[in-house]
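Tertiary structure, described
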Amino acid sequence: MRLLASVALAALSVAAQAADIPLGKLPAGVTPTAYRLDLTVDPSKPTYTGHTEIDAKVAAPTSRIFLHGLGLDVSKVSATAGGKTVVAKYSEVDPSGVAQLDFAAPLPAGPVTLKFDYSTGFRTGAEGLFRAKVGDEWYAWTQMEPLDARRMFPGFDEPGFKTPFTVNLTVPSNVKAFANAPETGVTTKGAMTTHSFAPTKPLPTYLVAVGVGPFDVAGTTIPANAVRKTPLDFRVIGTKGQAPRMATTLAETPKIVGILEDYFQIPYPYEKLDFIASPVMGGAMENAGLIVYQDSLILLDAKAPPSQLRRFGNVVAHETAHQWFGDLVTPAWWTDIWLNESFASWMGNKAADIWRPDLGIAAGELDDALGAMNTDSLGRGRPIRQTIDRNDQVISAFDSITYRKGAQTVSMFENFVGAENFRKGVQLHLNRYAFKNATAEDFFASVGEASGNPQLVPALRSFTDQTGVPLVTVKDSPSGISLAQSRYVPLGIATDRMQRQWLIPMALSRGEGKTSTLLTEASATLPPLVGTSPALMPNANGAGYYRFSMDQAGWDRLIAAAPTLPGREAMVFADSLWADFAAGRADFATVMRAAEALAPHPERLAALYLGDKLYGLRSTMLTESQIPAYRRIMAKLYAPRLAAIGFDPKQAMAPGETAATVSLRESLLPLVALEARDPAIRKQLVAGAEALIAGDATAVAPVFRGTALAVAVQDGGRGFIDRLWPVLLKSNDPLFRSQAARALGRAEGSELVTHVQGLAMGEGLQSLERTNVLASLAANPVARDATTAFVSSNFTRVVESFPGFGRAGIIGFYDGYCTPAAADRVEALVRPNLAILGGGALELSQTKERINKCAALKDARGEQIAAVLAKY
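None of these values were measured; they are calculated from a predicted model.

1. A closer look at the state of the cysteines
Think of a disulfide as a covalent bridge from one cysteine sulfur atom to another cysteine sulfur atom. Scanning all chains against the criterion turns up one disulfide. One disulfide in the model links C818 with C854; its S-S distance is 2.0 Å. Residues C818 and C854 are joined through a disulfide that is left-handed, its torsion about the S-S bond being -95°. On the criterion of sequence distance, the pair formed by C818 in the loop between α23 (795–799) and α24 (820–830) and C854 in helix α26 (residues 841–869) is long-range, its members being 36 residues apart. Of the two residues, C818 and C854, neither departs from the other in class, the shared state being buried.

Following this line, the structure appears as structure tokens:
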């Protein structure tokens, strides 16, 4: 009994200690004021060493400090306070990276310096300090957001702690080193060189960045302007051999910086601007002064496709906008990270569209928002602004709701209060909190004060603080226009019973006739709207984040007007009609009439919108016997358009063509070649792909290369794949490698799918390329079962290829299923692995909802779909 009692007491003690571990915010009482990081980094070795010193203030005497560290082998730690040094014990007490220091005697209140000596291993995916071998050389980069600075150094890894960082990097003498701040000195001792960098301006840990390797570097100076009175040094950094692909970024980035400075009326806030490219990074990260990008985003050939230029403009403007909104002014806690990302997405779109309006970037912003509505209409969701209490909730905040719904919401309220009033609020906020932290409440106060509109903040909060997509049911009659708001709910989705009501800024048009209102109640009636068209558009200019529902006559009038609707209005019409169908109201025949009416529309994304929805049906629910009819539909919708503008595999742009025409051709080609399976087009593409991998770089223009390789994988089978593979491995062209990796995912047949899986998990691909191959296979209906089974059997290996912040993305591999049994199977496969992902419970619930939504649509509308398909 005594032994049992002792065991019980020990268990209670451990439980009590575990209960004290902070799994969200660290306890108040210790505030860092400065960091000194000394790292010895040789990317060719599997580990590196570090010495970290942290100056801090201790509010009250304590014998324990909680902080962060993950996977650090700490050999020595001490604290110096009041002239005395005390040795401490370091231990990592939670898998999320919570650590604690225990001291033999309490530290006194006041200033303290914590010192750590440690070693740890490089990561292979983009988290913490990660490395990759590119060609024959090794390189290292960092990705800290949200919770991975703790993998590189011990510290207080929260956005609310902004301090200066002084960094020294000791690296092999034959490589280069970069950090957030300018380099101040170089000291060489034998085979190693120490690069010293100036103290940074105050930064949170998640913005600390370094890069080490034998990089190519190209630089320029961004001239002074009316806002910034001094020149700015700008460099592009890439792996060896990439210097020829830096010209576009060097030439175009200064224009984007100038656009942003003009908007903010605040000079770029840091001493230098470096862009560093990595083949392992997915997307980009706004580290102050040293922004890291996926290499294909900033390393562009002279004939870069419009889609690559759009991504360049969007992402460069987004990340550079963060230098003000996120870096200069930083959220106090992860609950308000939405403001960083929503604002940067909106501002990035705005600046990029000013930079190159011919690329269709503004329409792309709307397309993103309409995609976010699909997630926002699920039963399990999160508001833009969601309270975050635990570390395992943080990764879910980096989703389409934060980026895309957030951007459209910001855009909607800019329209509501006027662009100049909104701009004044942004400028007031940035000046008020420069180099400090701020909350959403602070931002609301700034824009509310500047706009002078008392309705702004309550209306804005009705969108940021609750989940769901508003649905406005519109009845158009000679006596007036009635509006009724509710929550949009598609078939198969069970929502909570909480009543939703928004303050919706609405604009309506009838040709040239326009009116607007703020819908504050459940319903309202507007006077009749006189205009130059019989069709009423309930979301004029596509400016609002809401869907609308109409009676059959209303839809019919919009279908008749579809070819002449402005581009954004054509897009929201297509989205709302499809949403009405998915909710069980509009019928599939009406959808098909709209698809045919929109196919010739001059706005590329409007023309393609319903075709993409048809592809979704093919990918999830159509039977094998229905596929031929689907292919005939896609041919009818899009082959004439491609024929009208012409197609030559070798020529992206004919003389006199615009970028918009090239973009349209780039988008139409995969629909005609891969979905309609046009035999003549496929024959051209296969011939071009074969010549391309045989060494003729001009055989297929880069804009068509991805589609050509995909068709050749399908038609050429194992032989083509095995000829493509060594070409992929040898290439240093980031765009070609990405296109080839995704093309491999188009493999058809169990033997080929297994072969491609083996290639993906073997040697030669970067971790990001590996995930691209597997994601492409999972999206491929004929490869999906084999791929999800493979991923489930190799879950840990596959997850290690994902960056830490993106690991929950693996759950999306299961999105394409369409039966309740599949939802149950996904639950059984993924739930036990959530700990490996560091979160993902929300993403799992949403994937199951998507599957059940698809199953419900198939049950309710399958016969309708089949009847329409039978007519083609």
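After presenting the structure, the write-up continues.
2. Some points on the side chain of R131
Along the chain, R131 falls in strand β8 (residues 128–134). Within polar-contact distance, the side chain of R131 engages the backbone oxygen of P43 at 2.9 Å. Here K45 takes part through its backbone oxygen, which lies 3.2 Å from a polar atom of the side chain of R131. Residues in contact with R131, not counting those within four places in the same chain, are P43, S44, K45, P46, F122, R123, T124, W138, Y139, A140 and W141.

3. Some words on the packing of aromatic side chains
Overall, the coordinates contain 35 aromatic pairs when judged by the stated rule. Taken together, a centroid distance of 6.0 Å and an interplanar angle of 90° make the contact between F413 and F416 edge-to-face. Taken together, the residues F413 and F416, both in helix α7 (residues 400–417) and three residues apart, mark about one turn of the helix. On the basis of relative accessible area, F416 is assigned to the partly exposed category, the value being 23%. A connected cluster of aromatic rings, assembled from ring pairs, spans Y263, F264, Y268, Y270, W324, F325, F343, W346, F422, F435 and F443.

4. Re the packing of helix α11 (residues 552–561) against helix α12 (residues 567–582)
For any two helices packed against each other, one specifies the crossing angle of their axes together with the interaxial distance. Packing of α11 against α12 brings their axes to within 11 Å, and their N-to-C directions diverge by 145°. In terms of crossing hand, the pair formed by α11 and α12 is left-handed. Residue-level inspection shows W555, L558 and I559 of α11 in contact with α12, the latter providing F573, S576, L577 and D580. Of the residues in the contact of α11 with α12, the class split is five nonpolar, one polar and one charged.

5. Observations concerning helix α16 (residues 659–675)
Here α16 is 17 residues long and its end C-alpha atoms lie 24 Å apart, about the 24 Å a rise of 1.5 Å per residue gives. Taken as a whole, α16 carries its principal kink of about 25° at L668; the proline P670 stands between one and four residues after it. Across the 17 residues that make up α16, a large majority, 14, are buried. Just downstream of α16, R677 is the residue with a positive phi angle, here 60°.

6. As for the sheet that holds strand β15 (residues 216–222)
Across the sheet, five strands lie side by side as β15-β16-β17-β19-β18; this open sheet has mixed pairing. Two strands in the sheet have a free side with no partner beyond their single neighbour: β15 and β18 (284–285). For β18 and strand β19 (residues 290–294), the ladder comprises two bridges, and the chain directions are antiparallel. Residue pairing in the sheet places A284 in a bridge with Y293 of β19. The strands touched by helix α2 (residues 247–264) within the sheet are β15, β16 (232–238) and β17 (272–278), with β16 carrying the most contacts at an inclination of about 135°. Packed on one face of the sheet, helix α4 (residues 306–322) meets β17, β18 and β19 and runs near 155° to β19.

7. Some points on the pattern of salt bridges
For the structure on display, the rule yields 45 salt bridges. Notably, a salt bridge pairs R682 with D715, separated by 2.7 Å at the nearest N-O pair. One end of the pair, R682, is in helix α17 (residues 679–693); the other, D715, is in helix α18 (residues 702–730), and 33 residues separate them in sequence. Its relative accessible area of 6% is what places R682 among the buried residues. Within this structure, R123, E127, D148, R151 and R807 form a network of salt bridges that share partners.

8. Structural notes on the sheet that holds strand β22 (residues 470–477)
The strand order across the open sheet built from four strands is β26-β23-β22-β27, with neighbouring strands paired in mixed fashion. A strand with exactly one partner marks an edge of an open sheet, and here the two such strands are β26 (523–526) and β27 (547–549). Averaged over all adjacent pairs, the angle separating strand axes in this sheet is 25°, with direction ignored. The sheet contact formed by strand β23 (residues 480–487) and β26 spans four bridges and is antiparallel. Within the sheet, the bridge partner assigned to I481 lies in β26 and is L526.

Scoring rules and cut-offs
- Residues numbered from 1 in each chain as written.
- Predicted model: local features only at pLDDT ≥ 70, side-chain atom pairs only at ≥ 80, totals over all residues.
- Heavy atoms only, no water.
- Disulfide = S-S within 2.5 Å.
- Helix = DSSP H or I, 4+ residues; strand = E, 2+ residues; numbered from the N terminus.
- Buried < 20%, exposed > 50% of the residue type's maximum accessible area, 1.4 Å probe, protein only.
- Polar contact = N/O pair within 3.5 Å; in protein donor to acceptor, adjacent residues only side chain to side chain.
- Contact = heavy atoms within 4.5 Å.
- Phe/Tyr/Trp six-rings, centres within 6.5 Å; stacked < 30°, edge-to-face > 60°.
- Axes fitted to C-alpha atoms, helices over the stretch in contact; angles between N-to-C directions.
- Left-handed = near helix turned anticlockwise from the far one by under 90°.
- Nonpolar A, V, L, I, M, F, W, Y, C, P; charged D, E, K, R; others polar.
- Expected span 1.5 Å × (residues − 1).
- Bend = angle between axes of the 7 residues up to and from the residue.
- Pairing = 2+ DSSP bridges.
- Salt bridge = Lys/Arg side-chain N within 4 Å of Asp/Glu carboxyl O.

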